[in-house]
Every structure is written in C-alpha cells, then in structure tokens.
Amino acid sequence: MPPLNDFDDYDRCLQEFTDESLYCFVRADVEAQPNAEAWQAIKNVTQYSKHHFDHGHLYFGICVKWCQSQIDAMPKNETDDLFEGILNNNKVVNTYLNLFESEEGNRQLYNKLMNQCVNLRLKRYDLTALSAIEYCDSRNQNNNEKAFSHDRWNIAFYIVICTLVLLVTCSSFYDLYLKHKNRDKFLTDVDHYKKSPGHVVQKLGVGFSIARNWYRLSQEPNGKIGRDLRFLDCMKFFAMFLVVYAHTNWIAFESALSDPQDIEELLHTVAGSVLVGGLLIVLAFFVISGFLFALNWLAVTRDRKEMSGVEYLLTFLKFNIFRYLRLTILYGFFILLSGVYFPNAGGPIYRHLVERETLACRKNWWTNLLYVNNYIKRDERCMLQGWYLASDTQSFVFSLLLLILAHKFPKLRNWIFAVTIAVFVAISGVLTYTNKFLALTVPAPQSQRDSFMHNKQFNESYTPFHMNFGSYFFGVLAALIYDHISSRDIKLRQNKYFNIFFFALIPAGIFWMLSGHLFFQYYNDERTRVLSSIYAAFHRNFWGLGTAIFIIGMSAKCGWIFRRFCCLPVFRILGRLTYGAYLSHVLIARVVIGTIRYPIYFGSGFMFMFLVFDMVSAYFVSLIMAIGIELPVTSYLKMLR
C-alpha cells in the first residue's frame, strides 16, 4: 500500500526558490481499483475500522516547484491522463476546507497540478486518487498572515496579557508595601501573606499578589472536611496524567505517522483493549465534581429545613453565577489564546494541527462560553477537550434542580434519586440500541486522525451530558452518604466487610476496563446489538458507581497505605493545578507535534518523552495561570459571598 503520509523536504523546498517557494498540504482519497493489488490490500485492511486507519485516505506534502518540474518534463497527453478530479465528497476534508477558506485562491491555482502530482506518485501502485489542497505555505509572510497578526483578536490578547502583567506587578508591590507599613517583626515572615487584610480596599489591592497567591495555592486544607478529602488532589492528578496520556496519543494520531501498522497491531491485543477501556478515566472527574458540588449544597442548606420559592431561585442563581465566573474567566483566557494567530512556526503539519484550532476558536468561541459545545458545532470544535466542561456544567445545573426538588419534598427524596438513576441508565442503553452504536465508544485510529469530526458515536454517545450524568449524580449521592457517615461519626474503616469490598474495587476496576474486549475485537455488531445495548447501559455508570464508593471509603479513612500516599503534601499543589493543566495540555501537544518536519515514529521512547514534556509544560503553564488569574478570581468571588 502507499504510505499514509508522503512529505517532500519542507525546509529545502521553501529555501530553494526564494520568493516563489510554495509548499502545499494535500488530502487525497484513493479511488477503487478492483484489479490493483494495492487497492485490495487497502480494502482488506481498512475494513477493520476499529483497529486500523483508513489507508485509502492519504496526506501529501508537495513542493509546488518540484511538482511542476516533474509534470513539465512529461508529454502533455500523459499529464492530462494523470488528472482524476478534485476531492469534494469527503465530509471531514470539507470541514477543514471550510475552515481554511482563505486558501481558496491557492486551490484555484494549484488543485489540478497537485492532483497530477499525487497520481504520479500513486502510479507505481496502479492507483489513482481525488485530491484537494488544505493549505499552502510560502517562504514569505503573505497578506493573509499579516491581516491575522494585527487583527482585533490578536490585539485583544496582547491587551489582556499586558493588563494581567500590570495587575500582578502592582498588586505584588502593594502587598510588599503593606508588609513594610505594618512593621512586621521579621520581614521574611510569611504570616503577612497568609493573613487576609482587614480593609476591603486592601483585599482588592492584594488580590493579584504573587506571594499571597502562592501561599493560597499551597495552604493546608482547613476543617474536618478538608482533612478528610485531602486524597482527592492525588486522584485528580493521576486521572489528569491518564487523560494527558490519552490525548498525546490522539494528537500523534492526528498528525503524520511513519509506522501506523505498529499501532494497528497493538490494538488487536489485550493491551489495546485496556487502552480503549481507559476512556472511562475521565468519568472520575465527573464523580469528583458532583461530590464537591453536593458538599457545597449541604453547607448552604444543612440548617435550613424550609425555604421559600424566592430563596430557592436565589440559591439556584447564586450557585450558577459563582460557578460560571470561577470556571469561565480562566477558560475564556485559553479560548482567547487558542484563537491567537501566529505565522507557521513549525513544519508542513503545523497549520493542520494548530491553525485549524485557531480558526475553529475564532468561529465558534461562543459555544464554549455558553457550555453548549457538546451539542452545537460539534464538527468545528474549539478546544475539543472542552466537551467535558460543557457536559459537567449541564450536569451541575440539572443536579442542582434535583437537590432543590429533594429539599422541597424530603419525603420523596429517595424516589426522586432512584428514578433519576434508572432513567439515565436506561437512556444509555436505549440510545445505543436505536442508533446501532457500539457497546462502548471506540477511539478508532482514523477517528482520532480526523479529530473525531463527523464521528456520530463520539458526538452522540460520548460527549453529551445525558450520557455522563449518571457518573456525576453518583458523585452527588456519595457526598450525601459521606455527610451522613461523618455527622454520625460512623467508623466505616473499622468494618471488616466494607474494607474487603473497598480493596476489591481496584482489581474490579481493571477487570471492568477489560470487560469491553469482546465488543472491541468482535465485528459482527448486529448480532450482538441487544447485548451491546445492555452493556452500554452499565458500562460508564458502573464505573461512576465504583469511583463514588471508592471516594466514600477514602473519605472515611479506609485505604491504609493508599490513603497515606494520596495525602502526601506534593499532591496538594498538583491537584489544585489540574484545571489549568486540562485547559492547556492539548494546545501544547499540538504545537509540539506541529514543529515536526517528517512523519514521526510512534515508538515508546518518543511517546514517553512527548507525554512527560506535555505534562510538565501543562502544569507549569497552569501554575502561572493559577497565580495570575485563577486564584485572584477565586479570592474576589469569596468577597462577594
């Protein structure tokens, strides 16, 4: 078969012909050729779509001058025969072409030439293809790049950065001035930075202080609840590590690989089933989020047995407004950053990975800020990982309504909760059956290569709130159970049977990740349609339930050495930086892979270095953002409560 990726020398092409240099990134779909051996190989391999790339969809990096010289050296009748047509019936490709609409001029000029060169390369395989230019790079910055670099979006980003630097600088010096003014006995004493100023003006003035926010970041948890839940920081960090691991693989798949067969072989093994089952990890964040939200609800309503309709409405608005501001200000900054246009700082794949994200964010930023990007504009997503924040926000709003209803009618509380769980468990199974979805969402290689565009199961079964709400609500119930245990001082860790059950959750979780092996490896899905639907109903919900029980056990101080490890002080900071790391790690991964000139070898060494670099960089960026944005916003919101 022809390679999935065939790139000319990018730097040599752009340097060899001075101002006339042009390098085009071209997408091609191989046409069916029943008599060609290579086509039969493509057909036989690609039919196993859960495990294999679409080997009929190819990426080319073509130097226009080199291509032109090859075509000019051939007889005209042969070059005319090389032209098969323009690719315009591929939905994924069309989405990219719509985003790169500014490249229409290059397409008009060079699409025919590029198709001739593609087919010249495929001639030795007895294959032909339709093709389309996604974009072309030139040696010198063109007018489009200049317009982007000085447009309102870029200018707004520079203004925000300058404002933040000014606020942090002034606030830090003002805080230092207050320290000297108060005549502290020891100038290096940290008590000044740990103690909140008494005057409102001073509180506002020191909100962006670097030293003060560092101590806020590293401060020990207060009260019994804070001490009981120290382990959550460790859970968030390790869940984040696995999420970054999954996303670095996805970004690598989205780029250009030199050894796709190694990945395909891996996915046919048990280890491949574990990787696919690892999609369950993100549900831990839903459970933790629901757990912490319900604790905040209990703190507000514990001593208020009765509330009026107006009080319920005000409480509902207060919860939503404070949560929206706390999440969205930092989220908005990363959306702004993702939409900033920088000229190509990488290689032939850079714009495919980075600028595509830039264009999507400029076009659909509003879906992220309204937290509806898991339902609207799903094929032109800005920050693909933002689907989680949308689903989590929708789960938050619906859970709040349920808790208000349960508080208003306490005698019906158990029925409300039971019916809710039953309905959302059933939804997963019913939608899987009616839409003929797989039993579990499979991140197939080609789906990842296409950044999940036009992937119906991913869009309608993995990202919607109604498919993830069960896990979130199990977190809510876990908080109610923890509050019951804690308020009555029930010694759950002294219960032998619960301890056995608690430790059994660990091997059970590993088994559950493997439980989808049959559905992943088996291809006759119509025969297992009913069984797949039943499995889908419980697949994620059982994981959410198990995570919720694990959190209850750890909060009740079960876990022995596991809990001690999870309560180490280092996780206090790492856990608190998880949100910023989640927002930044995909953009960092895109930029890193975008700098590579040639198809990468997907080996364990490269992927380990890539993972470590992305993880460290994301947490470093998160540290800066926490001190410069997240913690100041949190401190101001506390003043408003």
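The structure under discussion appears in the preceding block.
Residues numbered from 1 in each chain as written. Predicted model: local features only at pLDDT ≥ 70, side-chain atom pairs only at ≥ 80, totals over all residues. Heavy atoms only, no water.

Participant: An account of the sheet that holds strand β3 (residues 57-63) is requested, with residue identities and associated values reported.
Facilitator: Taken in spatial order, the 4 strands make up an open sheet running β1-β3-β2-β4, and their pairing is mixed. The sheet terminates laterally at β1 (5-7) and β4 (129-138), the two strands that pair on one side only. Going across the sheet, the axis of each strand differs from the next one's by a mean of 15 degrees, ignoring polarity. Of the strand pairs in this sheet, strand β2 (residues 22-30) and β3 are connected by 7 bridges, and their pairing is antiparallel. Counted as the bridge partner of V26 is F60 from β3. Against the sheet, helix α6 (residues 104-122) engages β1, β2, β3 and β4, with an angle of about 120 degrees to β4. (Pairing = 2+ DSSP bridges. Helix = DSSP H or I, 4+ residues; strand = E, 2+ residues; numbered from the N terminus. Axes fitted to C-alpha atoms, helices over the stretch in contact; angles between N-to-C directions. Contact = heavy atoms within 4.5 Å.)

Participant: Please give an account of the pairing of β3 that cites residues and values.
Facilitator: The buried fraction of β3 is high, at 7 of 7 residues. The alternating pattern of β3 places H57, Y59, G61 and C63 and L58, F60 and I62 on opposite faces, both of which are buried. (Buried < 20%, exposed > 50% of the residue type's maximum accessible area, 1.4 Å probe, protein only.)

Participant: Just give me the short version of unusual backbone geometry, but keep the residues and values in it.
Facilitator: When glycine is set aside, most residues are seen to have a negative phi, and most peptide bonds are trans. With phi around 55 degrees, S451 is a residue other than glycine that occupies positive phi space. Topologically, S451 is positioned in the loop between α21 (445-449) and α22 (456-462).

Participant: Give me the state of the cysteines: which residues, what numbers.
Facilitator: All told, the structure shown has 4 disulfides when counted by the stated rule. Shown here is the disulfide that connects C24 with C136, its sulfur atoms set 2.0 Å apart. Linking C24 and C136, the disulfide has an S-S dihedral of approximately 95 degrees and is accordingly described as right-handed. Of this pair, C24 sits in strand β2 while C136 sits in strand β4, placing them 112 residues apart in sequence. By relative accessible area, C136 is classed as buried at 3%. Linked covalently through their sulfurs, C67 and C117 form a disulfide whose S-S length is 1.6 Å. (Disulfide = S-S within 2.5 Å.)

Participant: Residues and numbers for helix α24 (residues 496-514), please.
Facilitator: If you check α24, its first and last C-alpha atoms are 28 Å apart, about what 19 residues at 1.5 Å a residue would give, namely 27 Å. I506 marks where α24 bends most, by close to 35 degrees; the proline P507 follows one to four residues later. Taken as a whole, α24 has its buried residues at F498, N499, F502, L505, G509, W512 and M513. Of the surrounding secondary structure, the elements contacted by the buried residues of α24 are α15 (270-277) and α26 (529-555). (Expected span 1.5 Å × (residues − 1). Bend = angle between axes of the 7 residues up to and from the residue.)

Participant: Any chance you could break down a nonpolar patch on the surface for me, citing the residues and the numbers?
Facilitator: Judged by side-chain polarity, V310, L313, L314, L317, I321, Y324, L325 and I329 come together as a nonpolar surface patch covering roughly 720 Å² of accessible area. Inspection of the secondary structure puts I321 in helix α17 (residues 309-338). (Patch = residues over 30% accessible without salt bridge, like charges linked within 9 Å, V, L, I, M, F, W, Y side chains within 5 Å. Areas by Shrake-Rupley, 256 points an atom, 1.4 Å probe, with all protein chains shown as cover. Salt bridge = Lys/Arg side-chain N within 4 Å of Asp/Glu carboxyl O.)

Participant: I'd like a description of the pairing of β2, backed by residues and values.
Facilitator: Buried residues dominate β2, accounting for 9 of its 9 residues. Burial along β2 is two-sided: the face carrying L22, C24, V26, A28 and V30 and the face carrying Y23, F25, R27 and D29 are both buried. Bridging between β2 and β4 involves 9 bridges; their strand directions are antiparallel. Each residue of the ladder has a partner; that of C24, found in β4, is C136.

Participant: Break down the environment of K194 for me, with residues and values.
Facilitator: Looking at the secondary structure, you find K194 in helix α9 (residues 191-194). For K194, a relative accessible area of 57% corresponds to the exposed category. Taking the C-alpha atoms as reference points, K194 and F334, 140 residues apart in sequence, are found 29 Å from one another.

Participant: Which residues make up the pattern of salt bridges, and what are the values?
Facilitator: This model, assessed by the stated rule, comprises 24 salt bridges. Between D6 and R121 there is a salt bridge; the shortest N-O distance is 3.4 Å. One end of the pair, D6, is in strand β1; the other, R121, is in helix α6, and 115 residues separate them in sequence. A relative accessible area of 18% places R121 in the buried class. In this structure, D175 and R212 form a salt bridge, with 2.8 Å as the shortest nitrogen-oxygen distance. Within this pair, whereas D175 is found in helix α8 (residues 152-181), its partner R212 is found in helix α11 (residues 210-218), the two being separated by 37 residues in sequence. For D175, a relative accessible area of 0% corresponds to the buried category. The exposure class of R212 is buried, given its relative accessible area of 2%. When salt bridges that share partners are traced, they join E103, D137, R351 and E355 into one network.

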